[in-house]
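Single-letter residue listing:
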Protein chains: 2
Amino acid sequence: MDRDQVLRAAAALLSRKSTATMDEVARAAGIGRATLHRHFAGRDALVRALEDLGIREFEGAFDRARLDEGSAVEALRRLVAESERDAQLLAFLVTENQLFEGDQINEGWARLDARVSALFKRGQEEGDFRIDLSPAWLTEALYGLIGTCAWAVMDGRVAAKDFQYMITELLLGGVRRSVEK
Amino acid sequence: MDRDQVLRAAAALLSRKSTATMDEVARAAGIGRATLHRHFAGRDALVRALEDLGIREFEGAFDRARLDEGSAVEALRRLVAESERDAQLLAFLVTENQLFEGDQINEGWARLDARVSALFKRGQEEGDFRIDLSPAWLTEALYGLIGTCAWAVMDGRVAAKDFQYMITELLLGGVRRSVEK
DNA sequence: ATTGAATGAGACATCGACGTCTCATTTGAG
DNA sequence: CTCAAATGAGACGTCGATGTCTCATTCAAT
C-alpha cells in the first residue's frame, strides 16, 4: 500500500465522514493504525498531507488540461476530465474550510483558484462565456459541482461513467433546453 | 434567543467547521454552554434538531414555491428564492452524509428529494429542460450549488444580493453564451 | 417589590480518540 | 535460508470534549 494510495483512501472516507477516527481511516486504507501513525505523525499531519497531495495533483491536472489552449469550452472540458481522478480529494478539501481559519488562505489554493478563474475570464473575453456570472463564482461552482458529483457517484445516484458529461453539460449549457443547440 | 435562532447560528457555524465544539456552538449562538445543553440533550440531539428544522423549513419553502404551478423554469426560480433563507442549513446537512450511515436514509429527505426530482422531471416532459441530465443528478446539483453559493457568500466571494441570480442563471442557462437567449 | 423560572459561569467526573510504546509476525532483499 | 525492516495487534497514559451538577445572577410576570 503506497503512501498516496493511503491518502486517497483517507480522502474517500473523510469526504463523506469528516469526523472519522484515525482507526477508521486506517481500516479504510487497509492498514493498521500504528502504520498510519508511522506515515503521518498525527491527524493534523494527515490532513496537511491531503492538502499537499490535492494541490500537487490539481496543479498537474491543470497542466495536462492545457487551460490556455484552444477554446475556453474545450479547455473546461479537459479540466473536468482531468479532475475526475481526484474528485473525492477535492470534495474533502472544499468542505474543510476550517483549515484556513484565521483567514490565512493557503497559497497553493490561491494559485489554483487564479488559474481556474483566468480560464473563465478568458472565455468571457473571447465571447464564449456569458459575462454576468463572475469568474469567482464560476470557480466555486465548478469545485462544488465536481464535489457534488463525486458524492453522487459514491452514493450510487450517478453512474461513474457519466461523471464528466453531467458536470460539463450542466456547467456549460444549463438545464434549460434551447432549440438552437 | 429563540430555539430556532440557536439552531440557525449552529448551522452557520457547523456548515463551515463541522468539528466545532459544543462550547463554540454556544458562543456562536450567544448563549452559555449549559443553556445549550438545556435545549438539546447533547450533540446528537442538536444535529438531529438541525435535521428536523431543515426538513421542516424546506418542506415549507417547497410549498411556498408552488413547484407544480406555472412553468418548471419559474418554479425553479421560486424554489431557489425560497431556499435562500436556509441555505446555510442546507449546506450543513448536505455535507453531513454521515447521519445516514447504515443506508438508513431519512424519510423526510427522501420526500424532499422526490419533490425536487419531480420538478425536474416535469420540466423535461414539458420540453423546457433537456433530457440528457437525470433528475437525480439535477437534484444533487441544485443542493450542491445552493450550498456552494452559501459558502461563497459567507466567505465574501459572492455578494449576498446575487445569491438567487448566480444559482438560477448558472443552473438554467449554464456559462456558455448562446446568441438566441 | 417579590417570587419563580431561566440563564451564565464554572466545577467535576466520564469517556473516547489520540499518540506512543512493545512485541510477535510478516515481508523482502541479499 | 538469513536477517533486517516493516507491519499488525494490542496495551497504556494523556488530553480534550462531553454531559451533569451547583450556585449566583438576571429576567419576567404578578
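To start, this report covers the structure provided alongside it. (Residues numbered from 1 in each chain as written. Chains lettered and ligands numbered in written order. Predicted model: local features only at pLDDT ≥ 70, side-chain atom pairs only at ≥ 80, totals over all residues. Heavy atoms only, no water.)

**Quick look at the interface of chain B and chain A**
Next up, step 1: Every contact between the two is made by 47 residues of chain B and, on the other side, 47 residues of chain A.
Next up, step 2: Of the roughly 4,600 Å² buried between chain B and chain A, counting both surfaces, carbon and sulfur atoms make up 58%.
Next up, step 3: Taken as a group, B:W137, B:V175 and B:R176 account for 18% of the area that chain B buries against chain A, more than any other trio of residues on that side.
Next up, step 4: The salt bridge partner of B:E140 is A:R157, with a shortest N-O separation of 2.7 Å.
Next up, step 5: Counting the contacts that link chain B with chain A gives 21 residue pairs in polar contact (both at pLDDT 80 or more).
Next up, step 6: Elements with a minimum of two residues in the side of chain B that touches chain A: α5 (72-83), α6 (87-95), α8 (135-154) and α9 (163-173) of chain B.
Next up, step 7: When residues in the side of chain B that touches chain A are grouped by element, the largest group, 11 residues, is from α8(B).
Next up, step 8: Along the lines of polarity and charge, the residues of the side of chain B that touches chain A split into 20 nonpolar, 12 polar and 15 charged. (Contact = heavy atoms within 4.5 Å. Buried area = accessible area lost by both parts, 1.4 Å probe. Salt bridge = Lys/Arg side-chain N within 4 Å of Asp/Glu carboxyl O. Polar contact = N/O pair within 3.5 Å; in protein donor to acceptor, adjacent residues only side chain to side chain. Helix = DSSP H or I, 4+ residues; strand = E, 2+ residues; numbered from the N terminus. Nonpolar A, V, L, I, M, F, W, Y, C, P; charged D, E, K, R; others polar.)

**Some words on the packing of aromatic side chains**
Think of a pair of aromatic rings as described by two things: how far the centres are apart, and how the planes are tilted against each other in angle.
All names here are of chain B.
Next up, step 1: One pass over the structure, following the stated rule, counts 6 aromatic pairs over all chains.
Next up, step 2: Ring geometry for F58 and F62: centres 6.2 Å apart, planes at 70 degrees, overall edge-to-face. In this pair, F58 and F62 both sit in helix α4 (residues 43-65), 4 residues apart, roughly one turn of the helix.
Next up, step 3: Owing to a relative accessible area of 3%, F58 belongs among the buried residues under this scheme.
Next up, step 4: When the centroid spacing of 5.9 Å and the interplanar angle of 45 degrees are considered together, the rings of F120 and F129 count as tilted.
Next up, step 5: With a relative accessible area of 0%, F129 lands in the buried category. (Phe/Tyr/Trp six-rings, centres within 6.5 Å; stacked < 30°, edge-to-face > 60°. Buried < 20%, exposed > 50% of the residue type's maximum accessible area, 1.4 Å probe, protein only.)

**Details of α9(B)**
Next up, step 1: In terms of burial, α9(B) is largely enclosed, as 9 of its 11 residues are buried.
Next up, step 2: For α9(B), every residue scored as buried is listed here: B:F163, B:M166, B:I167, B:T168, B:E169, B:L170, B:L171, B:L172 and B:G173.
Next up, step 3: Contacts from the buried residues of α9(B) go to α8 (135-154) and α9 (163-173) of chain A together with α5, α6 and α8 of chain B.
Next up, step 4: Phi for B:G174, located one or two positions after α9(B), is positive at around 75 degrees.

**Regarding the environment of A:A29**
Residues and elements named next belong to chain A.
Next up, step 1: You can see A29 is positioned in helix α2 (residues 22-29).
Next up, step 2: Taking the relative accessible area as the measure of exposure, A29 reaches 2% and is therefore buried.
Next up, step 3: A29 sits 21 residues away from R8 along the chain, and the two C-alpha atoms are 8.3 Å apart.
Next up, step 4: Beyond its immediate stretch of four places on either side in the chain, A29 contacts M1, V6 and A9.

**So, α5(B)**
Residues and elements named next belong to chain B.
Next up, step 1: Between its first and last C-alpha, α5 extends 16 Å over 12 residues, near the 16 Å set by a 1.5 Å rise per residue.
Next up, step 2: For α5, the set of buried residues is A72, V73, A75, L76, L79, V80 and S83. Along the axis of α5, the buried positions cluster into a sector of 160 degrees, meaning they face one direction only.
Next up, step 3: Check the buried side of α5 and you find it contacts α4, α6, α7 (107-125), α8 and α9. (Expected span 1.5 Å × (residues − 1). Arc of directions from axis to C-beta.)

**Some words on the protein's contact with DNA strand D**
Next up, step 1: Near DNA strand D, the surroundings consist of 15 residues, among which A:G32, A:T35, B:T21, B:M22 and B:R43 are the closest.
Next up, step 2: What you see for DNA strand D is that sugar and phosphate hold 57% of its atoms within 4 Å of the protein.
Next up, step 3: Between DNA strand D and A:T35, the relevant distance is 2.4 Å, taken from a phosphate oxygen to a side-chain nitrogen or oxygen of the residue.
Next up, step 4: For DNA strand D, a phosphate oxygen lies 3.2 Å from a polar atom in the side chain of B:H37.
Next up, step 5: Put simply, the parts of the chain that give the surface near DNA strand D at least two residues each are α3 (33-39) of chain A together with α3 (33-39) of chain B.
Next up, step 6: Classifying every residue of the surface near DNA strand D gives 4 nonpolar, 6 polar and 5 charged. (Near = heavy atom within 4 Å.)

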